[in-house]
Amino acid sequence: PPMVCLADLAMPDVLARTAAVPLAWMCSEQPASSPVLARVAALDGADSPAAAWIAAAADAAIEAGFAVARGPRPDLESVTVAIVRPGAGALGDCVEHGVPVLAVPEPGSREMAHNAARVAAMGIGRALPAEGPPTLAWQQAVADALRTMHEPPVRGAHRASLASLRRGGLREAAEWLMARI
């Protein structure tokens, strides 16, 4: 059957088993610019199984000296990196605002692991595995990743990758649906 999907995140099974209609990111077509301040957002995903991991990552960011905006919908226009459960919605928000991603997938979720790997492959951020309870070593890896992501060459590369992504998926979806009505 036809299935609209986000081209950059479509899982191989979706592409193989459907008549996939790959769309651009569902956000505005003009990338926003993000600030130069070292401020991190931790999108906690509310009741997500990844919430404890996101909270541990936010604590690690604070311990490393970063200002952290927490919650399900922090102001992405004022941050330089977002720590997220890599669902399509959170990633789309980051793409729309030009904010690099530190992806923390839910333990045991193939979709989240796939999306986290895509974040790294697209060059829009980094991914950290989440297995077992968060450890001090894992929190140190978060702090190290955030420091690296704030280095000018790395930050510039992530921002360039974000700016190069195809946008306007909502328009594409509407046009695809209207052509079939």
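Computed from a predicted model, the values in this text were never measured in an experiment.

**Q** Can you walk me through the pattern of salt bridges in this structure?
**A** Between side chains of opposite charge, pairing is possible as soon as their charged atoms come close. Under the defined criterion, the tally for this structure stands at six salt bridges. The closest approach of N and O atoms between E106 and R85, which form a salt bridge, is 2.4 Å. A residue pair is termed long-range when its members are at least 10 positions apart, and E106 in the loop between β6 (101-103) and α4 (110-122) and R85 in the loop between β5 (81-84) and α3 (88-97) qualify at 21 residues. For E106, a relative accessible area of 13% puts it in the buried group. Among the salt bridges present, the one from E172 reaches R166, with a minimum N-O distance of 2.7 Å. A residue is classified by how much of its surface remains accessible, and E172, at 16% relative accessible area, is buried. Classification of R166 by relative accessible area gives partly exposed; the value is 44%.

**Q** Would you take a moment to explain the nonpolar core for this structure?
**A** Generally speaking, nonpolar side chains in soluble globular proteins are found buried as a group. Counting residues in hydrophobic clusters, the biggest one holds 23 residues, and the most contacted among them are W25, L76, A82 and V84. Among the elements of the structure, β3 (39-43), β5, α3, β6 and α4 are those that each provide at least two residues to this core. At four residues, the largest contribution of residues to this core is made by α3. The contacts of V84, once residues within four sequence positions are left out, are L43, I54, A90, L91, C94, V101, L102, A103 and V104. A61, I83, L128 and W138 belong to the second largest nonpolar core, which has 21 residues in total.

Reading the values: the criteria
Residues numbered from 1 in each chain as written. Predicted model: local features only at pLDDT ≥ 70, side-chain atom pairs only at ≥ 80, totals over all residues. Heavy atoms only, no water. Salt bridge = Lys/Arg side-chain N within 4 Å of Asp/Glu carboxyl O. Helix = DSSP H or I, 4+ residues; strand = E, 2+ residues; numbered from the N terminus. Buried < 20%, exposed > 50% of the residue type's maximum accessible area, 1.4 Å probe, protein only. Core = buried A, V, L, I, M, F, W, Y, C linked by side-chain atoms within 4.5 Å. Contact = heavy atoms within 4.5 Å.

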